[in-house]
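An overview of the molecular structure
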Amino acid sequence: METEKKSSSVSDVGAWGMNVVSSVGIIMANKQLMSSAGYGFTFATTLTGFHFTVTALVGMISNATGLSTSKHVPFWELFWFSIVANMSITGMNFSLMLNSVGFYQISKLSMIPVVCVMEWLFHSKKYSTKVKYSVVVVVIGVGVCTVTDVKVNAKGFICACVAVLSTSLQQISIGSLQKKYSIGSFELLSRTAPIQACSLLVLGPMIDFYLSNNSVFEYRFTPGSLIFIILSCSLAVFCNMSQYLCIGRFSAVSFQVLGHMKTVCVLTLGWLLFDSELTVKNIMGMLVAVAGMVIYSQAVESEKKGGIARVTSHSKNSLTEEEFELLRQQGMDFENGESK
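Residues numbered from 1 in each chain as written. Predicted model: local features only at pLDDT ≥ 70, side-chain atom pairs only at ≥ 80, totals over all residues. Heavy atoms only, no water.

What follows covers the overall build of the chain. In terms of helices and strands, the chain carries 12 helices and 0 strands. The secondary structure elements of the chain, listed N-terminal to C-terminal, are α-α-α-α-α-α-α-α-α-α-α-α. Within the span of the chain, comprising 340 residues, buried residues form 43% of the whole. Across the chain, the fraction of contacts at a sequence separation of at least 24, relative to all contacts at a separation of at least 6, is 86%. Working note: accessible area of the chain is about 18700 Å², and carbon and sulfur atoms make up 68% of it. (Helix = DSSP H or I, 4+ residues; strand = E, 2+ residues; numbered from the N terminus. Buried < 20%, exposed > 50% of the residue type's maximum accessible area, 1.4 Å probe, protein only. Contact = heavy atoms within 4.5 Å. Areas by Shrake-Rupley, 256 points an atom, 1.4 Å probe, with all protein chains shown as cover.)

The following block contains the structure:
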């Protein structure tokens, strides 16, 4: 039992580690690929289509070689999920284009309470006071270190609302589908990736043309840009896989809260690698955010132990009652035997 617990803890840490490393890595790669100082590939939606294409190919190869199995999930559920996921991607891109970076960050932070409310509405999930406080601390910390100018307009606000709601619903759906159909994270990803890849490759160029006023078909690919596209797609496989894995093992709320560790890592690496400015305000915000994540982890662990203790206590009480009933029956049998 102890060995299983340690193995589970190692797997949890491995899943989070893979997500943080791959997410930060893909942000760094995309920054070089998409920035004007890099290769100027400003087609984010089409690039996401490339990501899911490679992910779908990896899933097909894995199924063909027997490394994974393809479990049945109704097509309409996969299609609905893919629509929500693509709305999330498109909404985020439009939100970043139409709003200031400050409001974009605020909208991303709002996903934590939105996910909490959705899980409460759809799954009747309740949170302890300590968890609620830790979420507030994380939101304040990340807000302090990332939010600067806040400008918003009607179109940008609508896009931000669509992005937040669809992203929150997508992350909750990942966990729900895994439990409903007893399907693993990679198996679910390999089923949804082809649908997302096809739709994003068709719609992506049009969306990117609207966003950047440039056509991906007129972009001049160079060996350097191709290397970074391949690197970005490779990291995306691990990023997508670890996202499904983390939400399947934990919850959408935990993924959002601890996922802000990536924001801290990106700010730090930006300062180390790209000479980005890191102010006292940024540092103080990061420290508060990390403190909130630590408190959240402790609160969730306490809830788990409390739940296990309640289950164990209930099991013990039930077992005692069964044993008492068995002894009572044996006593009656003994008395009946004597009367005979």
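So much for the structure itself; the text now carries on.
We now examine the UniProt feature "transmembrane region" (unreviewed entry) in the chain. The UniProt record marks residues 41-61, 73-96, 219-238, 250-274 and 280-300 with the feature "transmembrane region" (unreviewed entry), using the residue numbering of this structure. In this annotation, residues 41-61 is assigned 86% helix and 0% strand; the end-to-end C-alpha distance for the span is 29 Å. Spanning residues 219-238, this segment combines 80% helix with 0% strand, and its end C-alpha atoms are found 27 Å apart. (UniProt positions renumbered as here; feature names shortened; annotations may be inferred.)

In a pair of packed helices, the angle between the axes and the distance between the axes together describe the arrangement. Contact geometry of helix 2 (residues 44-64) with helix 8 (residues 185-212) gives a least axis separation of 7 Å together with a crossing angle of 160 degrees. Between helix 2 and helix 8, the crossing angle belongs to the class labelled roughly antiparallel. The chirality of how helix 2 crosses helix 8 is left-handed. For the contact of helix 2 with helix 8, the per-class residue count stands at 16 nonpolar, 12 polar and 1 charged. (Axes fitted to C-alpha atoms, helices over the stretch in contact; angles between N-to-C directions. Parallel < 35°, antiparallel > 145°, perpendicular 65-115°, else oblique. Left-handed = near helix turned anticlockwise from the far one by under 90°. Nonpolar A, V, L, I, M, F, W, Y, C, P; charged D, E, K, R; others polar.)

Let's shift gears to the environment of Ile 283. Here Ile 283 lies in helix 12 (residues 280-339). On a C-alpha basis, the gap between Ile 283 and Gly 141 in space is 9.6 Å, while along the polypeptide they are 142 residues apart.

Looking at where Glu 187 falls in the secondary structure, it is placed in helix 8. According to the relative accessible area criterion, Glu 187 is buried, its value standing at 16%. It is 6.7 Å that separates the C-alpha atoms of Glu 187 and Thr 69, two residues lying 118 residues apart in sequence. Excluding its chain neighbours within four sequence positions, the residues that come into contact with Glu 187 are Ser 68 and Thr 69.

Counted under the stated rule, the structure contains 1 salt bridge. The partner of Lys 180 in a salt bridge is Glu 77, with the nearest N and O atoms 2.9 Å apart. Separated by 103 residues along the polypeptide, Lys 180 in helix 7 (residues 154-181) and Glu 77 in helix 3 (residues 75-98) bring together distant segments of the chain. (Salt bridge = Lys/Arg side-chain N within 4 Å of Asp/Glu carboxyl O.)

Of all hydrophobic cores here, the largest spans 15 residues; its most connected members are Leu 78, Phe 81, Ile 174, Leu 188, Met 241 and Tyr 244. For this core, the elements supplying multiple residues, two or more each, are helix 3, helix 7, helix 8 and helix 9 (223-249). If we ignore the near neighbours within four places in the chain, the residues touching Met 241 are Phe 186 and Leu 189. (Core = buried A, V, L, I, M, F, W, Y, C linked by side-chain atoms within 4.5 Å.)

In this structure, Ser 82 sits in helix 3. Overall, Ser 82 belongs to the buried group, its relative accessible area being 2%. Sequence-distant contacts of Ser 82, defined by excluding residues within four places in its chain, comprise Thr 192, Ile 195 and Gln 196.

We now examine a nonpolar patch on the surface. Taken together, the side chains of Phe 75, Trp 76, Phe 79, Trp 80, Ile 83, Met 87, Phe 157, Ile 158 and Val 162 present a nonpolar region at the surface, about 950 Å² in accessible area. Elements that contribute at least two residues to the nonpolar patch include exactly helix 3 and helix 7. It is helix 3 that contributes the most residues to the nonpolar patch, 6 residues altogether. Here Phe 79 shows up in helix 3. (Patch = residues over 30% accessible without salt bridge, like charges linked within 9 Å, V, L, I, M, F, W, Y side chains within 5 Å.)

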